[in-house]
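Okay, here's what each chain looks like letter by letter:
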Amino acid sequence: MRTVEEHQAAVAALLPPLPEEAVDLASAHGRVLARDVAAAVALPGFDNSAMDGYAARWTEVSRTPVSLPVADDIPAGRTDVVALAPGTVQRIMTGAPLPPGADVVVPVELTDGGTTVVEIRDAPPAGSHLRAAGEDIAEGVVALRAGSPLGAAQLGLAAAVGVTTLPVRRRPHVLVLSTGSELVAPGQPLLPGQIYESNSRLLVAAVEDAGGIARRLHFVPDDVEQFLATVRAELAGADLLITSGGVSAGAYEVVKDAFGTLGTVDFVKVPMQPGGPQGAGTVDGVPVVTLPGNPVSAFVSFEVFVRPALRRAMGHADPDRLRVPARLTGPLRSPAGRRQFLRGRFDAGQVSQVGGPGSHLVAHLARANCLVVVPQDVTDLPAGAEVDVVLIEGALQ
C-alpha cells in the first residue's frame, strides 16, 4: 500500500530532467524554457511616439489654440531624425523615433492635421504619449525565466528582444500500450463480450496535452510472452512506457504477470478511487508506469501520477494542474479510506458532480471540466461545502 503522495514521488523519480536542446523560435511553441534568457536589446530601443500626431515642446503648445510650422515628417522606421527646432513641431507616426527636444506628442485628433502649419486646438499634459527607451525591459535583463512554457506572448517577447533560438528541454518520447483479450479496434464488428479499445487514444492525447510525443502501440491480448515481446521490440529510444489494464488482483492480469517476473516493477495499491491498482518501475532500464484498465481510472491515474512527472521532467516551474476551491451545488457521499477524484463541472466558483463514481463512465468524463477531490477521511459533504477542484478542461478540449 502506498499513499497518493508516495506513488507520485515514485513515478516522479523515474523521470529525471530531460536533456536541453536549442530550437529556433518557429519550433519553440509549447516547449519549456530550460535556462533564463536575457534581452539582447532594450524595449523600446529608443524614445518613440505612442500616437500619430505632432512632436512638440509642451511650453510652446500649452496655451491653445496655437499655430506652429511643421518642420519635418517622422514616419515609423526613420533613422535620421533631427532635433526639434524651437518654435516648431514635427509630424510623427506611432512608433517613430522622438526627436531630441520634444517632451510631448499632441494627438492628431487635437489639431487640424496641417502638414505645413498646424493649428493645435488642445494639448495634453507634458510627457503624454511618449514611450521611453527601456521602459518595458532594459538590455541584459532576464526576459524569460527557466521553467516558463513558451506561448504566444513569450515567443513574441523573445523575437522583440532579438532572440533567435531558445534553450528548451527535449520533449519526452512516450509509448502507450493497452492490454486485454476483450479489446477490438473501433470500426470492427463486436462479438459478445468484446469492447472497443479506447484507452490508448485517451492516453496518447493526454501525453500530447502534457507536452510529450506519444506513440501508440497496437494493443495485445492477455498473453505474457506476446506482451513482453511487443514491449521489448519497441523500448529503444523511449523515455517512458505507459500501459493500461492487467494490473488488478484477478487472473489473466498480463502486465502484472509479465513484469512481475522481471522484479523491476512494483505493483501497489493506492487508497484512491478511481485508480487503486498501480505500478511503477523499469523494464530493460526504461521507466514504466502501469495504469488500471477502466478508462476513467486510466485517465485519473494519468492526471494524478504521470502528467506532473512528465511536465517536471520537461522543466515546468509549475507542473501541476491549477487547483481552486469551489462550493458544492449538491451533497455528495464518498467511501471511507479512499481519496476520491470525482468528475465535476466547475463554473463561477461552484461545482456540480457529473455522473457517479464508476470508473467505466466515459461519457460523464467527457462532460467534466474538473476533478473534485474528496479527502479519504471524509464520507459526507453537504451542499455548499467547500472542496478542492483540479481544473482539467485543457485535457478534454
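Below you will find a few notes about this structure. (Residues numbered from 1 in each chain as written. Predicted model: local features only at pLDDT ≥ 70, side-chain atom pairs only at ≥ 80, totals over all residues. Heavy atoms only, no water.)

The mixed open sheet is built from five strands, whose spatial order is β7-β4-β6-β5-β8. At either end of the open sheet lies a strand with only one pairing partner, and these are β7 (104-107) and β8 (117-120). Between one strand axis and the next, the sheet turns through 45° on average, direction left out of account. Two strands pair when backbone bridges link them, and strand β4 (residues 53-56) and strand β6 (residues 89-92) are joined in this way by three bridges, in the antiparallel orientation. Bridge pairing links A55 to Q90 in β6. (Pairing = 2+ DSSP bridges. Helix = DSSP H or I, 4+ residues; strand = E, 2+ residues; numbered from the N terminus. Axes fitted to C-alpha atoms, helices over the stretch in contact; angles between N-to-C directions.)

As a further point, take the packing of helix α1 (residues 4-14) against helix α7 (residues 295-313). Orientation of α1 relative to α7, taken along the N-to-C sense of each, is 40°, at an axis distance of 9 Å. In terms of axis orientation, α1 runs oblique to α7. Between α1 and α7 lies a crossing whose hand is right-handed. Two secondary-structure elements touch here, α1 through V4, H7, Q8, V11 and A12 and α7 through V304, F305, V306, A309 and R312. Among the residues forming the contact of α1 with α7, the class breakdown is seven nonpolar, two polar and one charged. (Parallel < 35°, antiparallel > 145°, perpendicular 65-115°, else oblique. Left-handed = near helix turned anticlockwise from the far one by under 90°. Contact = heavy atoms within 4.5 Å. Nonpolar A, V, L, I, M, F, W, Y, C, P; charged D, E, K, R; others polar.)

Within the element layout of this structure, E197 appears in the loop between β14 (195-196) and α4 (199-210). Here the side chain of E197 touches S178 through a polar contact of 2.7 Å, side chain to side chain. Contacts of E197, omitting those with residues within four sequence positions, involve S178, L183, V184, P186, R216 and F219. (Polar contact = N/O pair within 3.5 Å; in protein donor to acceptor, adjacent residues only side chain to side chain.)

Attention shifts here to the layout of surface pockets. Here the largest pocket is characterised by a volume of approximately 450 Å³. Along the wall of the largest pocket there are 31 residues; nearest its centre are E182, G245, P292, G293 and N294. Secondary structure elements with two or more residues in the lining of the largest pocket: β14, β18 (272-273) and α7. Taken together, the residues of the lining of the largest pocket break down into 10 nonpolar, 16 polar and five charged. Of the volumes computed, that of the second largest pocket is approximately 260 Å³. Q8, E303, V304, R323 and V390 are, among the 13 residues lining the second largest pocket, the residues nearest its centre. (1 Å grid on protein atoms, 1.4 Å probe; cavity = no way out; pocket = protein on both sides within 12 Å on 5 of 7 lines; lining within 4 Å. Points joined across faces, edges and corners; volume = space filled by probe spheres on them.)

This part is about the environment of D239. In this fold, D239 is placed in the loop between α5 (224-234) and β16 (240-244). Taking the C-alpha atoms as reference, D239 lies 9.4 Å from R171; in sequence the two are 68 residues apart. In contact with D239, other than residues within four places in its own chain, are L15, L18, R170, R171, P172, H173, V286 and P287. Here the side chain of D239 touches R170 through a polar contact of 2.9 Å, side chain to side chain.

This paragraph deals with unusual backbone geometry. The amide bond that connects T64 to the next residue, P65, takes the cis arrangement and shows omega of 0°. Mapped onto the elements of the fold, P65 is located in the loop between α2 (58-61) and β5 (66-74). Following Q273, the chain continues to P274 via a peptide bond in cis, the omega torsion being -5°. For P274, the location among the structural elements is in the loop between β18 and β19 (277-283). Positive phi outside glycine occurs at H129, with the angle close to 60°.

Our next topic: the nonpolar core. Residues I242, F302 and V306 are the most contacted members of the largest nonpolar core, which totals 39 residues. Counting only elements with at least two residues in this core, the list comes to α1, β12 (173-178), α4, β16, β20 (286-291), α7 and β25 (370-374). By residue number, the principal contributor to this core is α7, which donates 10 residues. Those residues in contact with V306 that lie beyond four places of it in its chain are V11, L240, I242, V289, L291 and S301. (Core = buried A, V, L, I, M, F, W, Y, C linked by side-chain atoms within 4.5 Å. Buried < 20%, exposed > 50% of the residue type's maximum accessible area, 1.4 Å probe, protein only.)

Counted by the stated rule, this structure contains 18 salt bridges. In this structure, R232 and D284 form a salt bridge, with 3.0 Å as the shortest nitrogen-oxygen distance. Here R232 is found in helix α5, whereas its partner D284 is found in the loop between β19 and β20, with 52 residues between them in sequence. Overlapping salt bridges, with partners in common, bring together D209, E303, R307 and R321 in one network. (Salt bridge = Lys/Arg side-chain N within 4 Å of Asp/Glu carboxyl O.)

Their axes nearest at 10 Å, the elements α4 and α7 cross at an angle of 25°. Comparing the axis directions of α4 and α7 gives the class roughly parallel. Crossing angle aside, the handedness with which α4 passes α7 is right-handed. Every residue of α7 that contacts α4 at N199, L202, L203, A206, V207, D209 and A210 is listed here: P295, A298, F299, F302, R307 and R311. Each residue belonging to the contact of α4 with α7 can be placed in one class, and the counts come to nine nonpolar, one polar and three charged.

Another point: the pairing of strand β23 (residues 339-347). Of the pairings in the sheet, the one linking β18 to β23 comprises two bridges and is parallel in character. Each residue of the ladder has a partner; that of M272, found in β23, is R339. As paired elements, β23 and β25 share five bridges and run antiparallel to each other. From the neighbouring strand, F341 faces β25, where its bridge partner is V373. One ladder, built from four bridges, connects β23 with strand β24 (residues 350-353); its direction is antiparallel. The partner of G344 across the bridge, within β24, is Q353. Counting the residues in the hairpin turn of β23 and β24 gives two residues, including A348, whose phi is positive at 55°.

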